[in-house]
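An overview of the molecular structure
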Number of protein chains: 2
Amino acid sequence: MATFKWRTIADDLIKKIEAGELTPGTQLPTELELQDEYHASRNTVRDALKWLIQRQLVVTHAGRGTFVTRDITPYKVELSPPRGVGPGGDEGSAYVAAAKIQGRRPSVSDPRVEIRKASASMAEWLHVEEGARVVSRHQQRFIDDEPWSLQTSFYPMDFVTRGADRLVDAVDVEEGVVKYLEQELGLVQAGYQDQITVRPPDRDESLFFDLPETAAVTLIELSRTAYATSGEPLRFTVTVYPADRNMLNYKIGEVP
Amino acid sequence: MATFKWRTIADDLIKKIEAGELTPGTQLPTELELQDEYHASRNTVRDALKWLIQRQLVVTHAGRGTFVTRDITPYKVELSPPRGVGPGGDEGSAYVAAAKIQGRRPSVSDPRVEIRKASASMAEWLHVEEGARVVSRHQQRFIDDEPWSLQTSFYPMDFVTRGADRLVDAVDVEEGVVKYLEQELGLVQAGYQDQITVRPPDRDESLFFDLPETAAVTLIELSRTAYATSGEPLRFTVTVYPADRNMLNYKIGEVP
DNA sequence: CCGTATTTGTTCGTATGTATT
DNA sequence: CAATACATACGAACAAATACG
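Basis of the calculations
Residues numbered from 1 in each chain as written. Chains lettered and ligands numbered in written order. Predicted model: local features only at pLDDT ≥ 70, side-chain atom pairs only at ≥ 80, totals over all residues. Heavy atoms only, no water. Helix = DSSP H or I, 4+ residues; strand = E, 2+ residues; numbered from the N terminus. Buried < 20%, exposed > 50% of the residue type's maximum accessible area, 1.4 Å probe, protein only. Contact = heavy atoms within 4.5 Å. Areas by Shrake-Rupley, 256 points an atom, 1.4 Å probe, with all protein chains shown as cover. Lys, Arg positive; Asp, Glu negative; His and termini not counted. Charge placed at Lys NZ, Arg CZ, Asp CG, Glu CD. Pairing = 2+ DSSP bridges. Expected span 1.5 Å × (residues − 1). Polar contact = N/O pair within 3.5 Å; in protein donor to acceptor, adjacent residues only side chain to side chain. Axes fitted to C-alpha atoms, helices over the stretch in contact; angles between N-to-C directions. Parallel < 35°, antiparallel > 145°, perpendicular 65-115°, else oblique. Salt bridge = Lys/Arg side-chain N within 4 Å of Asp/Glu carboxyl O. Buried area = accessible area lost by both parts, 1.4 Å probe. Nonpolar A, V, L, I, M, F, W, Y, C, P; charged D, E, K, R; others polar. Domains from an automatic or database assignment. Least-squares fit on C-alpha atoms with pLDDT ≥ 70 in both.

Observations concerning the overall build of chain A
If you tally the helices and strands in chain A, you get eight helices and eleven strands. Along the first, second and third principal axes, the C-alpha set of chain A runs to 70 × 45 × 35 Å. A total of 256 residues make up chain A; the buried ones form 48% of that total. At a minimum sequence separation of 6, the contacts of chain A that also span at least 24 residues come to 62%. Total accessible area on chain A stands at roughly 12,600 Å², and carbon and sulfur atoms take up 51% of it. Mean positive and mean negative side-chain charge positions of chain A (30 and 39 charges, respectively) differ by 3 Å.

Put into structure tokens, the structure is as follows:
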């Protein structure tokens, strides 16, 4: 067969959704009804629905039904330093301010603080010896009480011994860690390098973001290495965003 | 059942792959063999394999078998302007140079040039009237002869009438369009704004990138609006990258 | 080039489990 | 508790792609 039965069903349903015949939030016909409508077996209907689920056009709930996905307004993540301030951008503290401007209600969990041995790759990022101690601060971030991103930052343990005690305190640093390190240790952020990749979620991430396992939701992973004026790494931060509800933004040079 | 049969099979296979027991390129047992091994029906085995296919851990070929995915070294896309040159970065021309440095063999198709009416969103991006003419230049880019990205750039038709004829010429502008516009019209790129989103491919894109429909490969869509020193938009570019073989990179401020 | 065996892809039917109403 | 609706699992048949003698 040139094109498959499940696919023609899927395409027809997609057409109906895109035509507005099935609006966001409305329930699709049940699998039994679709079976009759398209003269297909239930399994074939389910194959078609899987295709829509993957595209996130619909969601299914056992016992309730299949529903057209509600529109989500993606959150704009601004990753450039704030205007005229130089490259001191603290993605963490900027997050709260930026979200408010977009009319959203952001919140941040208190961090889970751990002291760990640096892995090989971590050692390379932070320019420390492999096995040296690093502080990791892991935070969950919410927008409008919905889980929005997970962030883990790593700092050399050295910073703590030199006086930046609050790094090992399991409390959010409201003014931003970058500013705190500047005040406490005189370390000024001179720049940063971002690496953006896309990958599937692991089990913990699926749980936190409440991602249906059947859907193919991917995460955007942003790895940021911040450097001090001396050229030494200041911190290494990994932030994961569900790809479906976030949009990353950069402004380079003069942008009106 | 707390956890499902297909899932335990999938997890076991994943474990074997991650343990190196099944190395990239090697063939998995056939569905018939897995059926015996796990005392499951063929459909259940196939459900497990679908999970691995989604995660891109394996690929299947009808008539041949199921194979552990070969490792792919992601291509590093550098999206910051070249050092010390100011924000004049031309993502198009930089691409070829950067790829060579990474030891890859890049190539670019000649562009498909079209003159179209500006849609509402396009008009907003380019600061032209809705319905005004815009030039679109669509190019396919390859690395090591494999499809790597698709790019479409839009320019106000005005640029052509003012003398930038080569914009409507279906030939690659080797030195980069940004430099060409500077030479021809004195328009200097002062900055740009990037928007990064992730979405599933459409049919054309699946075809070009040779993405198996069963896999959940997503595309990274990078929308760049470049501005001239006057503050007027210079061009609007949309580039799509298959998420599995690309890594986006930004350097902000001083990065050693 | 042809025919056959192998392997994955699609479709169907059916039974049972689990979540929701 | 019963009815409804989706989820898992099994078995079976045939089609399509590939490999091989």
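Describing the pairing of strand β11 (residues 246–253) of chain A
Judged by how many residues are buried, β11 of chain A sits mostly within the fold: six of eight residues are covered. Both β11 of chain A and strand β8 (residues 189–199) of chain B contribute to a ladder of six bridges, which runs antiparallel. The residue of β8 of chain B that forms the bridge with Ile252 of chain A is Tyr192 of chain B.

Structural notes on helix α3 (residues 42–54) of chain A
Given a rise of 1.5 Å per residue, 13 residues ought to cover 18 Å, and the 18 Å separating the end C-alpha atoms of α3 of chain A matches this to within 8%. Along α3 of chain A, the positions that sit buried rather than exposed are Thr44, Val45, Ala48, Leu49, Trp51, Leu52, Ile53 and Gln54 of chain A. Packed against the buried residues of α3 of chain A are α1 (5–18), α2 (31–38), β1 (58–61) and β2 (65–68) of chain A together with α3 (42–54) of chain B. Downstream of α3 of chain A by a residue or two, Gln56 of chain A has a phi angle that is positive, lying close to 65°.

Notes on the side chain of Arg224 of chain B
All names here are of chain B. Following the sequence through the fold, Arg224 ends up in strand β9 (residues 219–228). For Arg224, a relative accessible area of 7% puts it in the buried group. A distance of 2.8 Å separates a polar atom in the side chain of Arg224 from a polar atom in the side chain of Asp194.

So, the packing of helix α1 (residues 5–18) of chain B against helix α2 (residues 31–38) of chain B
All names here are of chain B. The N-to-C vectors of α1 and α2 enclose an angle of 110°; their axes lie 12 Å apart at closest approach. Classified by the angle between their axes, α1 and α2 sit roughly perpendicular to one another. Residues Lys5, Ile9, Asp12, Leu13 and Lys16 of α1 form the contact with α2, whose own contacting residues are Leu34, Glu37 and Tyr38.

Description of the side chain of Gln35 of chain B
With respect to the secondary-structure elements, Gln35 of chain B resides in helix α2. Of the polar contacts made by the side chain of Gln35 of chain B, one reaches the backbone nitrogen of Arg42 of chain B; its length is 2.8 Å.

Observations regarding the pattern of salt bridges
Residues and elements named next belong to chain A. Summed over the entire model, instances satisfying the criterion amount to 34 salt bridges over all chains. Salt-bridge contacts for Arg162 lead to Asp158; the nearest nitrogen and oxygen are separated by 3.1 Å. According to the relative accessible area criterion, Arg162 is partly exposed, its value standing at 45%. The network of salt bridges with shared partners includes Asp12, Lys15, Lys16 and Glu37.

Some thoughts on the interface of chain A and chain B
Each partner contributes to the interface: chain A provides 41 residues, whereas chain B provides 40 residues. Both sides of the chain A and chain B interface together cover about 3,400 Å² of buried area, and 54% of this is carbon and sulfur. Contact with chain B buries surface across chain A, with Ile196, Tyr250 and Ile252 of chain A losing the most and accounting together for 18% of the total. A salt bridge links Arg203 of chain B to Asp11 of chain A, with the shortest nitrogen-to-oxygen separation between them at 3.0 Å. Scanning the region where chain A abuts chain B turns up 14 residue pairs in polar contact (both at pLDDT 80 or more). Looking at the side of chain A that touches chain B, the elements that each hand over two or more residues are α1, α3, β8 (189–199), β9 (219–228) and β11 of chain A. The biggest single contributor to the side of chain A that touches chain B is β8 of chain A, with nine residues. In terms of residue class, the side of chain A that touches chain B is built from 20 nonpolar, eleven polar and ten charged.

Some remarks on the domain arrangement of chain A
What the domain assignment lists for chain A is domain 1 (5–68) and domain 2 (75–249). A straight line from the C-alpha centre of domain 1 of chain A to that of domain 2 of chain A covers 39 Å.

Digging into the relation of the copies chain A and chain B
Mapping chain A onto chain B leaves a residual RMSD of 0.1 Å; the transformation is a rotation of 180° accompanied by 0.0 Å of translation along its axis. With respect to symmetry, the two chain copies, as superposed, fit the operation of a two-fold axis. Considering only C-alpha atoms, the part of chain A nearest the rotation axis is Ala216 of chain A, at 3.0 Å.

A closer look at the environment of Gly25 of chain B
Residues and elements named next belong to chain B. Following the sequence through the fold, Gly25 ends up in the loop between α1 and α2. Along the primary structure Gly25 and Asp71 are separated by 46 residues, whereas in three dimensions their C-alpha atoms are 8.7 Å apart. Discounting chain neighbours no more than four positions away, the residues touching Gly25 are Phe67, Val68, Thr69 and Arg70.

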